[in-house]
Amino acid sequence: MMKRRPLIAGNWKMNLSVDDSIKLVREIAANTDQLEGVEVLVAPPFTALSAVKEAIGNSRIFLGAQNIHWEMSGAYTGEISGTMLQEAGCTHVIIGHSERRSLFKETSEIIDFKAKAASLLGLVPILCIGETLEQREGGQTFAVLREQLVLSLNNYRTDRMMPPSTILAYEPVWAIGTGKTATPLQAQEVHRFIREWIDKNFDSGTASQVRILYGGSVKPDNISDLMSKEDIDGALVGGASLKADSFLQIIRFDER
Ligand code: PGA
């Protein structure tokens, strides 16, 4: 079986000026150039994408956006298309983050359109799913996740094909920005469930290649335990990705 390459992705959300973004990515680049065996990605706000791309230069950091519109162009005031993201240098895009789902009312149907648009262009989607605390405490975790998978990956299911480069991120809503991480066992249980779902709905080759990231209060002191689990292939990091020091410690999880 092909070994999945770990990916540590930083979701900067609506933070950092363009200057601070450039400084941060330069520091990350300078300290990861010799690093083998782990991929690194940053997802700055739209306005910093081009500047960050330039600062990345020839170093091996991937650039992702935090959102995408499903059409390529048109009368969609305030939106950014996948072709525009590519023009700015993006290779990846975060789709369906829980903040988009809850604060901006994005449904799984919308997320499905966005994933389809991204893959048509060859942008790698980092598609997020996750349950709320209420849903977890009500014993609905797996039902909620199954529904999010079915609806958010509907286009792939219709085509009976999911690009194996697709990245999924399990981000329990109760762990995002709260300092409360899922235990490695809780996360592994869900990641295994997601991989089995991919196996059932697509095929085992795809299931073994798709990377599943964990997100929600990932920090230097919990990353190694999370990464020791079989089905956890990396992390989507919010708060701790805004400082070079903590993000670099997370990237170097296997030296800890
Ligand atoms: P956090 O955010 O690491 O600050 O909890 C993770 C995310 O929202 O992607």
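Bear in mind that the values here come from a model prediction, so they are computed numbers and not experimental data.

A. Spatial organisation of the site of the ligand. Near the ligand lie 13 residues; those nearest to it are Lys13, His97, Glu171, Gly177 and Ser217. In the model, an oxygen atom of the ligand is placed 2.9 Å from a nitrogen or oxygen of the Gly238 main chain. At 2.8 Å, a backbone N or O of Gly239 approaches an oxygen atom of the ligand. Its residues assigned to classes, the shell around the ligand shows four nonpolar, seven polar and two charged.

B. The arrangement of the sheet that holds strand S8 (residues 234-237) in detail. Read around the barrel, eight strands follow the order S1-S2-S3-S4-S5-S6-S7-S8 and close on themselves; strand pairing throughout is parallel. Here the average twist between neighbouring strands, direction ignored, is 25°. Sheet topology places strand S2 (residues 39-43) next to strand S3 (residues 61-65); three bridges connect them, and they run parallel. Within S3, the residue paired with Val40 across the bridge is Ile61. Of the strands in this sheet, strand S1 (7-11), S2 and S8 are in contact with helix H12 (residues 244-251), which crosses S1 at around 160°.

C. Fine view of the environment of Gly89. With respect to the element layout, Gly89 can be found in the loop between helix H3 (82-87) and strand S4 (92-95). When the C-alpha atoms of Gly89 and Gln148 are compared, they prove to be 29 Å apart, with 59 residues separating the residues in sequence. Apart from residues no more than four positions distant in its own chain, Gly89 is found in contact with Lys53 and Leu63.

About the criteria used
Residues numbered from 1 in each chain as written. Predicted model: local features only at pLDDT ≥ 70, side-chain atom pairs only at ≥ 80, totals over all residues. Heavy atoms only, no water. Near = heavy atom within 4 Å. Polar contact = N/O pair within 3.5 Å; in protein donor to acceptor, adjacent residues only side chain to side chain. Nonpolar A, V, L, I, M, F, W, Y, C, P; charged D, E, K, R; others polar. Pairing = 2+ DSSP bridges. Helix = DSSP H or I, 4+ residues; strand = E, 2+ residues; numbered from the N terminus. Axes fitted to C-alpha atoms, helices over the stretch in contact; angles between N-to-C directions. Contact = heavy atoms within 4.5 Å.

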